[in-house]
Amino acid sequence: MYLMIAQTVGIVGMILVFLSFQINSKKNILFFQILSSLVFGIHFFMLNAFTGVAMNAVSIVRNSVFYQSEKHAWARHKAWIAVFILLYTGMGLLTWDSWFSILPIISMLTTTFAFWETNPTRIRLLSFPAPPCWLAYNIANGSVAGI
């Protein structure tokens, strides 16, 4: 029963990811990405896949900062890219479980550059390498929703 609940939570996360890329504004893409990262973080916690938890936790912070970039100059500072690269790498190393742990790190590094963009089409194109990395990680950790 617990595994069924964990997979259901993951399905909600996948729906939110899918919805995020159907929207044609950076702000709304990031809003749905924040929600999906929260839900997927819970999903991976339930699966004991802690690199996935860590990547989604940092993603919530990253997307929240980038969400503010249209209104606030501090959120547009290029130093944020370096901060998030360090956070993703550090959290990935802290939660390292196997060689599969490197895949969500690579994914989140690529999406960091994607979400820095302002054009929704470029965001989608630059995000393209991320799903194959998550796919392999999801297979290795039993995330049916992620697969």
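Here is a short report on the structure shown in this document. Quick caveat, the model's predicted, so the values are computed rather than measured.

Attention now moves to the overall build of the chain. For the chain, the helix and strand inventory stands at seven helices and zero strands. Helices and strands in the chain line up, N terminus first, as α-α-α-α-α-α-α. For the chain, the spread of C-alpha atoms along the principal axes amounts to about 45 × 30 × 20 Å. Looking at the chain alone, contacts between residues at least 24 apart form 66% of all its contacts between residues at least 6 apart. Within the structure as shown, the chain displays about 7800 Å² of accessible surface, and the carbon and sulfur contribution to it stands at 75%.

This brings us to the layout of surface pockets. Its volume calculated, the largest pocket comes out at about 550 Å³. Residue lining of the largest pocket: 25 residues in total, with Val17, Phe21, Ala130, Pro131 and Trp134 positioned closest to the centre. Elements that contribute at least two residues to the lining of the largest pocket include exactly helix H1 (2-20), helix H2 (26-46), helix H3 (50-67), helix H5 (102-116), helix H6 (120-127) and helix H7 (130-141).

Right, let's get into the packing of aromatic side chains. Using the criterion set out here, one finds eleven aromatic pairs in the structure. Centre to centre, the rings of tryptophan 96 and tryptophan 99 are 5.3 Å apart; their planes meet at 85°, and the pair counts as edge-to-face. Here the aromatic residues Phe66, Trp74, Trp80, Phe84 and Trp116 are joined through ring pairs into a cluster of three or more.

Bringing the packing of H5 against H7 into the picture now. Two elements in contact, H5 and H7, have axes whose closest approach is 8 Å; the angle formed by their N-to-C orientations is 160°. The angle between H5 and H7 places the two elements in the roughly antiparallel class. The interaxial crossing formed by H5 with H7 has left-handed handedness. Taking contact as the criterion, the partners of Leu103, Pro104, Ile106, Ser107, Met108, Thr110 and Thr111 in H5 are, on H7, Ala130, Cys133, Trp134, Ala136 and Tyr137.

Working note: α-helix, 3.6 residues per turn, so residues spaced by three or four point in the same direction. Listed in full, the buried residues belonging to H6 are Pro120, Ile123 and Ser127. Buried residues along H6 cover an arc of 55° about the axis, so they all sit on one side. Residues of H6 that are buried in the fold lie against H2, H5 and H7. At the N-terminal boundary of H6, the capping side chain belongs to asparagine 119, with an oxygen 2.7 Å from the backbone nitrogen of threonine 121.

By secondary structure assignment, the location of threonine 95 is in the loop between helix H4 (79-94) and H5. When the C-alpha atoms of threonine 95 and phenylalanine 18 are compared, they prove to be 27 Å apart, with 77 residues separating the residues in sequence. Once residues within four sequence positions are removed from consideration, threonine 95 is found in contact with Phe50, Thr51, Ala54 and Ser101.

Looking at the secondary structure, you find methionine 91 in helix H4. The spatial distance from the C-alpha of methionine 91 to the C-alpha of histidine 72 is 27 Å, given a sequence separation of 19 residues.

Conventions and cut-offs
Residues numbered from 1 in each chain as written. Predicted model: local features only at pLDDT ≥ 70, side-chain atom pairs only at ≥ 80, totals over all residues. Heavy atoms only, no water. Helix = DSSP H or I, 4+ residues; strand = E, 2+ residues; numbered from the N terminus. Contact = heavy atoms within 4.5 Å. Areas by Shrake-Rupley, 256 points an atom, 1.4 Å probe, with all protein chains shown as cover. 1 Å grid on protein atoms, 1.4 Å probe; cavity = no way out; pocket = protein on both sides within 12 Å on 5 of 7 lines; lining within 4 Å. Points joined across faces, edges and corners; volume = space filled by probe spheres on them. Phe/Tyr/Trp six-rings, centres within 6.5 Å; stacked < 30°, edge-to-face > 60°. Axes fitted to C-alpha atoms, helices over the stretch in contact; angles between N-to-C directions. Parallel < 35°, antiparallel > 145°, perpendicular 65-115°, else oblique. Left-handed = near helix turned anticlockwise from the far one by under 90°. Buried < 20%, exposed > 50% of the residue type's maximum accessible area, 1.4 Å probe, protein only. Arc of directions from axis to C-beta. Polar contact = N/O pair within 3.5 Å; in protein donor to acceptor, adjacent residues only side chain to side chain.

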